[in-house]
Structures are given as C-alpha cells and as structure tokens.
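In case you want the letters, here they are:
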Amino acid sequence: MSKLSGGQLAGGNSTTTKAEHDFYATDPKTTTIFLKEFLSNHNIEGSILEPSCGQGHMSEVIKQFLPNNKLVSTDLIDRGYGEGGIDFLTYDFGETFHTVMTNPPFSLAKEFIEKGLEVSDKYVIMLCKI
C-alpha cells in the first residue's frame, strides 16, 4: 500500500507543473456529490454566480440541479463557456447573488472568498485546496 503525500491528500499533484492561469477544471462528479449533500439540508433560491466557470464543468451540473435558478457564469479567460473577460475581483456586477459557487484559482482563493462575501446575500461556496 502506498502512502499519499500531503499534496495528494489535498487534491494537488506535486509531480506536475502549475497550470496556466491556475486553471484546474472541476470534475462534474465532485459538483454532483457536493450538491446532492448540500441540497439535502439547504435551499438555494434566487440567482447563482459561478465567477470562474472555465469550460462550464460546474455550471452545467448546477443547471441540472437548479434549472429554475438564474445562473450567471463568467471567467477572466474566455474558454468558450459563459462570459469571458470578467475579472471577478474587480468587476461590478450591479447586483447581489443569492449564492456564489466556484472552484477559484488556488492562488486567489482568499480574495475570491472575500469578494464572494461582498456579492452574495446567502451562500459562498468555494471548492478550495486545503
């Protein structure tokens, strides 16, 4: 039986180099598992912001679970999904969201949490490396 290093336990892989723009796509299974558990005890109403949508891996699962909610998907880099060119940390969305849910760039997790708290009136859900 092999031992896992701290980086492997935390979801990282110390044998690879950092991805360009800190982009690590979220496995849809992860979002599915999370939402099944979360929604069994909590109610997400109203609008949802996914500010680091990448190629839509999380957003597509969110749409499956919450098809009647308004979902806004943005990203700094245009990866062909959502609205590209939106810097979550500086952009004025002009509205408050019920929920902000994303897998933020690991190097900016703290900043994403702080901004999420500013633009959300209920939940800030961040899938962050521990």
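For clarity, every value in this text was computed on a predicted model and none was experimentally measured.

Enquirer: Please clarify how the overall build of the protein should be interpreted in this entry.
Expert: Looking only at helices and strands, the protein has four helices and five strands in total. Every one of the 130 residues in the protein was classed for burial, and the buried ones make up 38%. Here the analysis covers contacts within the protein between residues at least 6 apart in sequence; of these, 60% occur between residues at least 24 apart. Just so you have it, the protein exposes about 7,800 Å², and 51% of that area is on carbon and sulfur atoms.

Enquirer: Can you help me understand the nonpolar core in this one?
Expert: Generally speaking, a soluble globular protein has its nonpolar side chains buried in company with each other. By size, the foremost hydrophobic cluster in this structure holds 12 residues: Leu35, Phe38, Ile44, Ile48, Met58, Val61, Ile62, Leu66, Met101, Tyr123, Ile125 and Leu127. Those elements that place two or more of their residues in this core are helix H2 (28-39), helix H3 (57-65) and strand E5 (120-126). Ranked by the residues each element gives to this core, the list is headed by H3, at three residues. When sequence neighbours within four positions are dropped, the list of residues in contact with Leu35 reads Val61, Ile62, Phe65 and Met101. By size, the runner-up hydrophobic cluster in this structure holds nine residues, among which are Ile86, Phe88, Phe93 and Met126.

Enquirer: Explain the environment of Asn41 to me, please; I cannot follow it from the model alone.
Expert: Positionally, Asn41 belongs in the loop between H2 and strand E1 (48-50). Taking relative accessible area as the criterion, Asn41 reaches 56% and is therefore assigned exposed. Separated by 3.3 Å, the side chains of Asn41 and Ser40 make a polar contact.

Enquirer: Can you walk me through the packing of aromatic side chains in this structure?
Expert: How two aromatic rings sit relative to each other is set out by the distance from centre to centre and by the angle between their planes. Overall, the coordinates contain six aromatic pairs when judged by the stated rule. Summarising the aromatic geometry, the rings of Phe38 and Tyr123 are spaced 5.1 Å apart at their centres and angled 85° between planes, so their arrangement reads as edge-to-face. Linking Phe38 in helix H2 with Tyr123 in strand E5, this pair joins segments that are 85 residues apart in sequence. In this pair, the class of Phe38 matches that of Tyr123, namely buried. The interplanar angle of 50° and the centroid separation of 6.2 Å between the aromatic rings of Phe88 and Phe93 together place this pair among those described as tilted. Across the pair, Phe93 and Phe88 agree in class, each one buried. Three or more aromatic residues joined by ring pairs form one cluster here, namely Phe88, Tyr91, Phe93, Phe97 and Phe112. Of note, Lys115 hangs over the ring of Phe88, and the distance from its end group to the ring centre comes to 5.9 Å.

Enquirer: Would you mind going over the sheet that holds strand E4 (residues 97-102) with me for this structure?
Expert: Think of a sheet as strands paired side by side through backbone hydrogen bonds, with each pair either parallel or antiparallel. Pairing is parallel across the open sheet formed by five strands, whose spatial order is E3-E2-E1-E4-E5. Each having just a single partner strand, strand E3 (83-84) and E5 make up the two edges of the open sheet. Note: strand E2 (residues 71-75) against E3, two bridges, orientation parallel. Paired with Thr74 across the strands is Glu83, a residue of E3. Strands E1, E4 and E5 of the sheet are contacted by helix H4 (residues 109-119), whose axis makes an angle of about 155° with E5.

Enquirer: Mind showing me how you'd approach the confidence of the model for the protein here?
Expert: Low-pLDDT stretches of the model should not have their predicted coordinates read in fine detail. For the protein, the average pLDDT comes to 85, and 82% of its residues sit at 70 or higher. Of all secondary-structure elements in the protein, the lowest mean pLDDT belongs to helix H1 (residues 6-9), at 37, while E1 reaches the highest, 98. Low pLDDT, under 50, characterises residues 1-15; the stretch is placed with seven contacts to residues that sit more than four places away or in other chains.

Calculation notes
- Residues numbered from 1 in each chain as written.
- Predicted model: local features only at pLDDT ≥ 70, side-chain atom pairs only at ≥ 80, totals over all residues.
- Heavy atoms only, no water.
- Helix = DSSP H or I, 4+ residues; strand = E, 2+ residues; numbered from the N terminus.
- Buried < 20%, exposed > 50% of the residue type's maximum accessible area, 1.4 Å probe, protein only.
- Contact = heavy atoms within 4.5 Å.
- Areas by Shrake-Rupley, 256 points an atom, 1.4 Å probe, with all protein chains shown as cover.
- Core = buried A, V, L, I, M, F, W, Y, C linked by side-chain atoms within 4.5 Å.
- Polar contact = N/O pair within 3.5 Å; in protein donor to acceptor, adjacent residues only side chain to side chain.
- Phe/Tyr/Trp six-rings, centres within 6.5 Å; stacked < 30°, edge-to-face > 60°.
- Lys NZ or Arg CZ within 6 Å of the ring centre and 35° of its normal.
- Pairing = 2+ DSSP bridges.
- Axes fitted to C-alpha atoms, helices over the stretch in contact; angles between N-to-C directions.
- pLDDT = per-residue confidence, 0-100.

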